[in-house]
Amino acid sequence: MDKIRLGTLLVVAVLVVQTLVSLVWNADATLTGIALAFNAVAAVSTWLFTRRGGRAAWVVGSWCAGFFGWHVVGLGELAGWWTTGLDAVFLVASSYQLSVVYQAVMATASGFAVHLLLPRRSAPGV
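Residues numbered from 1 in each chain as written. Predicted model: local features only at pLDDT ≥ 70, side-chain atom pairs only at ≥ 80, totals over all residues. Heavy atoms only, no water.

Describing the packing of aromatic side chains
Rules: Only the six-membered ring of Trp is used, alongside the rings of Phe and Tyr, when aromatic pairs are assigned; centres must lie within 6.5 Å, and planes under 30 degrees apart are stacked while those over 60 apart are edge-to-face, with the rest tilted. A helix here means a DSSP run of H or I that spans at least four residues, while a strand means a run of E at least two residues long, and both kinds are numbered starting from the N terminus. We call a residue buried when its accessible area falls under 20% of the maximum for its residue type, exposed when it is over 50%, and partly exposed in between, using a 1.4 Å probe and counting protein chains only.
According to the stated counting rule, one finds four aromatic pairs in the structure shown. Aromatic pair Trp-70 and Phe-90: ring centres 4.7 Å apart, planes at 50°, arrangement tilted. Of this pair, Trp-70 sits in helix H3 (residues 57-79) while Phe-90 sits in helix H4 (residues 87-90); the two residues are 20 residues apart in sequence, bridging distant segments of the chain. Judged by its relative accessible area of 40%, Trp-70 falls in the partly exposed class.

Digging into the packing of helix H1 (residues 3-24) against helix H5 (residues 96-117)
Defined as follows: A fitted line through C-alpha atoms represents every axis, and for helices the fit uses only the stretch in contact; the resulting angles, taken between N-to-C directions, go from 0 to 180 degrees. Throughout, the term roughly parallel applies to angles under 35 degrees, roughly antiparallel to angles over 145, roughly perpendicular to angles from 65 to 115, and oblique to all others. In this scheme the handedness of a crossing depends on how the near helix is turned from the far one: anticlockwise by less than a right angle means left-handed, clockwise means right-handed. The contact rule is simple, with two residues in contact once any of their heavy atoms fall within 4.5 Å. Only Asp, Glu, Lys and Arg are considered charged, only Ala, Val, Leu, Ile, Met, Phe, Trp, Tyr, Cys and Pro nonpolar, and every remaining residue, Gly among them, polar.
Interhelical geometry of H1 versus H5 gives an angle of 150° and a closest axis separation of 8 Å. The orientation of H1 with respect to H5, classified from their angle, is roughly antiparallel. Where H1 crosses over H5, the two elements pack in a sense that is left-handed. For the pair formed by H1 and H5, the contact residues are Lys-3, Ile-4, Leu-6, Gly-7, Thr-8, Leu-10, Val-11, Val-14, Val-17, Gln-18 and Val-21 on the first element and Tyr-102, Met-106, Ala-109, Ser-110, Phe-112, Ala-113, Leu-116 and Leu-117 on the second. Of the residues that constitute the contact of H1 with H5, the class distribution is 14 nonpolar, four polar and one charged.

Some remarks on the nonpolar core
What counts, and what does not: In this description, a nonpolar core means a group of buried Ala, Val, Leu, Ile, Met, Phe, Trp, Tyr and Cys residues linked to one another through side-chain atoms lying within 4.5 Å.
With 17 residues, the main nonpolar core has Val-11 and Leu-117 as its most contacted residues. Among the elements that make up this core, the one with the highest residue count is H5 (six residues). With sequence-adjacent residues up to four places away left out, Leu-117 is seen in contact with Ile-4, Gly-7, Thr-8, Val-11, Phe-49, Ala-57, Val-60 and Gly-61.

A short note on the packing of H3 against H5
Look at H3 against H5: their axes get within 8 Å of each other, and the N-to-C directions meet at 155°. The orientation of H3 relative to H5 falls into the category roughly antiparallel. Classified by chirality, the crossing of H5 by H3 is left-handed. In terms of residue class, the contact of H3 with H5 is built from 19 nonpolar, seven polar and no charged.

A word on H5
Spelled out, the test is: Helix span, as expected, comes to 1.5 Å for every residue beyond the first. Pairs of N or O atoms within 3.5 Å make up the polar contacts considered here, provided that, within protein, one atom can donate a hydrogen while the other can accept it, and that residues adjacent in sequence are counted only when both atoms are side-chain atoms.
Here H5 spans 31 Å end to end across 22 residues, near enough to the 32 Å set by a 1.5 Å rise per residue. Among the residues of H5, Ser-99, Tyr-102, Gln-103, Met-106, Ala-107, Ala-109, Ser-110, Ala-113, Val-114, Leu-116 and Leu-117 are the ones counted as buried. Contact partners of the buried residues in H5: H1, helix H2 (29-51), H3 and H4. The N-cap of H5, judged by a side-chain oxygen 3.3 Å from the amide nitrogen of Leu-98 a few residues on, is Ser-95.

With respect to H2
Its 23 residues place the ends of H2 33 Å apart at the C-alpha level, agreeing with the 33 Å of an ideal helix rising 1.5 Å per residue. For H2, the full list of buried residues reads Thr-32, Asn-39, Ala-42, Ser-45, Thr-46 and Phe-49. Where the residues of H2 are buried, they touch H1, H3 and H5. Gly-53 sits one or two positions beyond H2 and adopts a positive phi of about 75°.

Digging into unusual backbone geometry
Glycine aside, residues mostly have negative phi angles, and peptide bonds mostly take the trans form. Despite not being glycine, Ala-93 has its phi angle at roughly 55°, a positive value. The topology assignment puts Ala-93 in the loop between H4 and H5. By relative accessible area, which is 52% here, Ala-93 ends up exposed. Even without glycine at this site, Ser-94 takes up a positive phi of about 55°. Position of Ser-94 among the secondary structure elements: in the loop between H4 and H5.

See below:
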């Protein structure tokens, strides 16, 4: 399996998990709506990316970088490394341990997707 296909599968997995968590854990209708809107736009970007045969990976990579950043902020908030005032946003099912694991797994999956999707430039002579 090539890195683009694996990266795309990771993006799809992140989007599916985030969408399910957003729908199951309904703390605030506004936040759920925003999360679903972001996931829908990322899903359309991913679909267009796959239709183009893997060109313009930076678009999907950018979405993944955003998801990575969001989950890192959530992980840092829950770990007490910084305070954003969004701790209630990052709690999943009102469980601290589950929330930390969720944020860590989603940050890792998003980070790997960025790593796999963004193009590499080889050094001259390599």
